[in-house]
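# Analysis of the macromolecular model
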Amino acid sequence: MNKNKHLLLWSSLAVLALLVAAAVEENYLKEWRRIQQSMAVEGEPIDVRLRQIVIPELGTTDRCVTCHVGMAPGEMALAAEGTGLAAPHPFVWHDPAEFGCTTCHGGQGLATETADAHGEVRHWPEPMLPGRFAYASCGSCHTHLGVPDFEQLDFGVRLLERHDCLACHAVDGRGGTTRPFAAAGIEAPDLSHVGLTGVDPYWYVHHLEHHELADEGPWKTSFAPIDPADLTALEAYLGTRVGAPGLVAAKSTFHTRGCYGCHQLGGVGGDEGPDLDRAGLMDPELLDFSEVPGERTVANWLATHLHHPAALVDGSQMPAMGLSDEEIELLTFYMLSLRREERTAAFTPNDRLEAERFGAREFTTDGPTLYAAFCSACHGAEGQGRRYPDAIPFPSVANADFLAVASDGFLRETLRRGRLGRRMPAFAADQVGLTDEEIDTVIAYLRHLAGDVPAPPEPAQFRWVEADAALGETLYRQHCASCHGAEGDGPEAPALDHPTFLETADDSYLVDTITRGRSGTPMHGFGSGTPAFPALAAEEIEAIVSHLRTWQEE
Amino acid sequence: MADSERSGLGVFFANLKEAPQRVLRSLFRSGPPATDRSRSSFVFDNVFLHIHAVRTHRWSLRWATTWGLGVASAAAFLIALATGVLLMFYYKPYPEVAYDSIKDIHFVVPTGRFIRNLHRWAANVMVVVVFLHMARTFYTAGYRSPREFNWLIGLGLLVTTLGLSFTGYLLPWDQLAYWAITIGANIAQSPQELTDAVGITEYFDPGGLQRELLLGSDVVGADALIRFYLLHVMVLPLLFVALLAAHIWRVRKDGGLARPADADDRLGPPPPDTYPVFTETPQKTYHLAAIVEGRTPAVDQSPENTVPSMPHLFYAEMGVLMVTLLVCLLLALSFDAPLKELANPMVPENPAKAPWYFLGLQELVAYSAFMGGVGIPTLVIIGLGLIPYLDRETRGTGEWFGGPGGGRLVWHSTVIGLAAAVGIAAFAIYFGWLREWFPDIPQLVITFVNPGTILAAFYAAYSLYLVRRYNSTRAGALGLFTCFLCGFVVLTVIGWYFRGPNWDFYWSPADWPAH
């Protein structure tokens, strides 16, 4: 019976000890308490308490400032002299007091322990963005910044240099060393954020006035009249200076590599690949990291995936695009920024509200950008066509021979309707989402790319060939089938049996194409022979066309 | 008279001085528990203690009699109750808000994480201990007359315990909770397999009704959460307390714990250092208990082998309570209660697993939804409930593995029960089942012929064989109960450790394909 007495005594003592230990540990040994206890303003210890920024409209409760005390609103005295965790937040356009912390940095705002708060724990789908990708979070709200393709962006940088703007103006941390009014010592405005406020429409007139009045100094030597084309490009470039140069460069890389051809973003784009609207919010728990070197981060996964998609995703249709390391870094950055959230109007940027109401684009709608964003992945940056391993080759479209015989009407229908069942999507407004004007812009740009090839007249007569289809079949098997397939299904070359193709291609186009061929591609002209390929007579070519037409009638 | 001679103020101060003593005396009206009589009064003058007998047989106080499992179950319940009330101050039963409130409890509420861990571990300890308590009662034949009905109340407590634990599982509103409850709700829906096969689901759909009653809606959403919350914090705890009160009360009314007929002889006289046993010459008051109807501990027995409940039983009970608390504390301080990502109906957990005590059922459900979800559990509950009414023997009462066959029979049954369960599961895992061999086979055939039903039928046949061989129902019951425990453990372990994505078999979770 004494056994039970001892049992009670010792278990009670052990319970008491554990309860005391738990109470002490849970209340006094918290990391953040130690951090706050070590902070003092003018020798006075600061008030040790939980600090947080709550933004109900954004649904955030951010306790980051419990450790990063210097960044807490109202901790000016501490922040004034603070370093490390007591240091204030560097100046940013969006005050942390109004936007919270996780809105931009990700991580787990509710947590009060380092690993949990930084999201480097299991079961937290949104870890903090790595420093070099910090600006990716802008994408949760700022989705609609019109960005051109990379070449134009790069051109803008070079214009700034060429016109010596950087002498007086700082842009993205470069330049701005010279004072335009040397005596008065006024600095020229920093243009890194000029895209947010809009470029002053009279700046050029004012600059010109100063230039003409000045006798010496930067107004005379650095500034010089700018020709109208450069002026437009320069203003377009300045419009993209919103304080996030890395993100803009990343987005423009996306627009350059033709990703829209297969991927949808904001309701625009092809549907071969996954919709990328929230690709930046992928849960690392749900990704396969077995083939990913380095840390288990979404950024690493994305970079590896961009390098060789099929290695990470079984059955991925996305080819290895042959991207450079720099491009992969930028595209990873952009992918991480794809995290669009629906916010209340007060927290939605004006340009996005406007864009969502009026359907403005997230890319600029000039020919080069449209072509680069929608076509270049398959048809090549210069429209020369492209071949990926294990895929049907994509035809050369900016080809003078092709454009010389293809009417604008044919091109427009081809772009609008695509090739159902093959990789070419229908770009019409109700499918991929390009307007008729944008499609015409692309066609015009193609003609420009191929060396300003004029459009042939629209065909007067759509079907006029009447020839011997049986002879055509023989000739087809002999001359065409090796690339276009016995049934015209095009394993190595464009499919000729495709109903949309046969419906939109007129007889003249077919006859002329066979006759002229396409220089720079395996398709040679059958109008003039070579030693290896004897020429075909006009009747023979027409016979082949008649044979093609038999597929249409089936 | 004396008062009138003193001043009012003098009386006031005298009373003030006496007040603590008087409070104490008014609390314990029978005075300090120093005599047999006052010790008895201590128990039956107290509304809470009165649920105990005033004297306890020494057999009941042996550690090996019960290993304190019943008290430990109640202790775990009390711990969960106390911590649960504290959690209710912060918990908000609404989707997403619920998840944030758990995060707040974890990160911000002072000792919140500790309280939540304690609650979670107390709940798990309770499920384990309740099972062990049932096993103890069975193996010592404690269910026998006159304790049959208390065995049924115990079964009710087992089901309520599982209900409490299961309803609590959803409350954190994370992925684990969401998909476990989805699985649970689908198990509730499993009668549809039978009604579908017969083609009457359209007219008579008990499965769909069960699921809808459970969730309050077609999906696991806000309605399900508030329903589970109400069940968890109100309905089931009240039911549990009511059943528990009846359970403990009946222990007393049924004459204390079951013990062997020759318990007194085996115990011998109390050790000399036992105090107090009897401090007074027995007087008429001692037989007071005899006027209570039914068998009481003191009827027809010499009192020498009983000791006063106060303090002997209460030391033991408090000791078990403290040990249970200690175990829960150690677990709570060592392992955090899980909290996964916010529930996301678009991203199913794969594998989605039910709470661990239902993984055996989930494994059975993988064979046949109806049999696993309803058929076999119902048979098991009915079978367990019938045991005391079929076993009317007396041999071995109060002894571990008492009855014909004894420990050897239990040992054999363990081997056979484990082998049969592992064998049939391994067969199904390696060779597949009827559906793989005959793709067009009617579902009804699989419902009735699947690894689960075959295992159950085998256990039943083995038990009948034991009844015949030992010419004893108790022997059959010993075999069947042991097999049931073995099957439960084997299926639970398979479901918990060896089942991966798509409920496929894996030797280890490390072999699961990524994602």
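Moving on: the overall build of chain B. Within chain B one finds 22 helices and two strands. Summarising its shape, the C-alpha atoms of chain B cover approximately 100 × 60 × 45 Å along the three principal directions. Per-residue burial for chain B yields a buried fraction of 43% across its 515 residues. Taking all contacts inside chain B whose residues are at least 6 apart in sequence as the whole, residues at least 24 apart take part in 76%.

Moving on, we get to the overall build of chain A. Scanning chain A from terminus to terminus reveals 26 helices and four strands. Computed over C-alpha atoms, the radius of gyration of chain A comes to 32 Å, more than 25% over the 24 Å expected from 2.2 N^0.38 for 554 residues, which places it beyond the range of a compact globule. Once the C-alpha set of chain A is aligned to its principal axes, its extents read approximately 110 × 95 × 40 Å. For chain A, the share of sequence-separated contacts (at least 6 apart) that also reach a separation of at least 24 residues comes to 63%.

Residues and elements named next belong to chain B. Assignment of secondary structure puts Glu349 in the loop between helix 15 (309-334) and helix 16 (359-367). Each C-alpha atom of the pair Glu349 and Tyr178 lies 9.0 Å from the other, and the pair is 171 residues apart in sequence. Not counting chain neighbours up to four residues away, the residues in contact with Glu349 comprise Gln175 and Trp179.

At the junction of Met310 of chain B and Pro311 of chain B, the peptide bond is cis and its omega measures out at 15 degrees in the coordinates. Take Pro311 of chain B: it is sitting in helix 15. The omega angle of the peptide bond from Asn350 of chain B to Pro351 of chain B is 0 degrees, so this bond is cis rather than trans. Here Pro351 of chain B is to be found in the loop between helix 15 and helix 16. One non-glycine residue, Asp452 of chain A, lies in positive phi territory at about 50 degrees. Note on Asp452 of chain A: 10 C-beta atoms within 10 Å, which makes it exposed. Its identity as a non-glycine residue notwithstanding, Phe401 of chain B has a phi of 55 degrees, on the positive side. The residue Phe401 of chain B is located in the loop between helix 17 (369-390) and helix 18 (406-431) in this model. For Phe401 of chain B, a count of 18 C-beta atoms within 10 Å translates into the label partly exposed.

With that settled, the discussion passes to the nonpolar core. Core analysis: the biggest nonpolar cluster contains 113 residues, and Ala75, Ala76, Leu118, Ala122, Met126, Ala177 and Cys328 of chain B have the highest contact counts within it. Here the element with the most residues in this core is helix 8 (residues 112-139) of chain B; it accounts for 14 residues. Non-local contacts of Ala75 of chain B, meaning those with residues more than four positions away in its chain, are made with Val320, Leu321, Thr324 and Leu325 of chain B. Counting 80 residues, the second largest nonpolar core, distinct from the first, contains Val298, Val442, Ile514 and Phe526 of chain A.

A few words now on the interface of chain B and chain A. With 29 residues of chain B in contact, the opposing surface of chain A contributes 26 residues. For the side of chain B that touches chain A, the elements supplying multiple residues, two or more each, are helix 7 (97-107), helix 8 and helix 15 of chain B. Residue classes in the side of chain B that touches chain A are distributed as 17 nonpolar, five polar and seven charged.

This part takes up the environment of Leu213 of chain B. Positionally, Leu213 of chain B belongs in helix 12 (residues 206-215). The spacing of Leu213 of chain B and Ala224 of chain B is 11 residues in sequence and 9.1 Å in space, taken between C-alpha atoms.

Glancing now at the confidence of the model for chain B. Any residue range with low pLDDT should be treated as having predicted coordinates unsuitable for detailed reading. Taken residue by residue, chain B gives an average pLDDT of 88. The fraction at 70 or more is 93%. Interface predicted TM-score (ipTM) for the complex: 0.85; the corresponding pTM is 0.83.

Right, let's talk about the packing of helix 18 of chain B against helix 21 (residues 451-470) of chain B for a bit. Residue and element names in this part refer to chain B. Interaxial distance between helix 18 and helix 21 falls to 10 Å at its minimum, and their mutual angle equals 155 degrees. Here helix 18 lies roughly antiparallel to helix 21, going by the angle between them. For the pair helix 18 and helix 21, the sense of crossing is right-handed. Between helix 18 and helix 21, the contacting residues are Ile416, Gly417, Ala420, Ala421, Ile424, Ala425 and Ala428 on the first element and Pro451, Ile454, Leu455, Phe458, Tyr459 and Tyr462 on the second. Taken together, the residues that form the contact of helix 18 with helix 21 break down as 12 nonpolar, one polar and no charged.

On the secondary structure map, Glu327 of chain A appears in helix 15 (residues 325-336). Along the backbone, Glu327 of chain A and Arg417 of chain A are 90 residues apart, and their C-alpha atoms lie at a distance of 31 Å.

Quick look at the packing of helix 18 of chain B against helix 22 (residues 473-498) of chain B now. In helix packing, the relevant descriptors are the interaxial angle and the interaxial distance, both defined with respect to the helix axes. All names here are of chain B. Where helix 18 contacts helix 22, the two axes come as close as 8 Å, and the packing angle between them is 40 degrees. With respect to helix 22, the axis of helix 18 lies oblique. Once helix 18 is placed against helix 22, the crossing between them reads as right-handed. Mapping the contact onto sequence places Leu409, Val410, Ser413, Thr414, Ile416, Gly417, Leu418, Ala421, Val422 and Ala425 in helix 18 and Ala475, Leu478, Gly479, Thr482, Cys483, Cys486, Gly487, Val490, Leu491 and Ile494 in helix 22.

We now examine helix 18 of chain B. Think of an α-helix as 3.6 residues a turn; residues three or four steps apart then line up on the same face. Residue and element names in this part refer to chain B. Taking 1.5 Å of rise per residue, 26 residues should cover 38 Å, and helix 18 covers 37 Å from first to last C-alpha, within 8% of that figure. Within helix 18, burial applies to Leu409, Ser413, Gly417, Ala421, Ile424, Ala425 and Ala428. Following helix 18 by one or two positions, Gly432 has its phi on the positive side, about 75 degrees.

Reading the values: rules and limits
- Residues numbered from 1 in each chain as written.
- Chains lettered and ligands numbered in written order.
- Predicted model: local features only at pLDDT ≥ 70, side-chain atom pairs only at ≥ 80, totals over all residues.
- Helix = DSSP H or I, 4+ residues; strand = E, 2+ residues; numbered from the N terminus.
- Buried ≥ 20, exposed ≤ 12 C-beta atoms within 10 Å, placed from the backbone.
- Contact = placed C-beta atoms within 7 Å.
- Rg over C-alpha atoms; globule rule 2.2 N^0.38 Å.
- Core = buried A, V, L, I, M, F, W, Y, C linked by C-beta atoms within 7 Å.
- Nonpolar A, V, L, I, M, F, W, Y, C, P; charged D, E, K, R; others polar.
- pLDDT = per-residue confidence, 0-100.
- Axes fitted to C-alpha atoms, helices over the stretch in contact; angles between N-to-C directions.
- Parallel < 35°, antiparallel > 145°, perpendicular 65-115°, else oblique.
- Left-handed = near helix turned anticlockwise from the far one by under 90°.
- Expected span 1.5 Å × (residues − 1).

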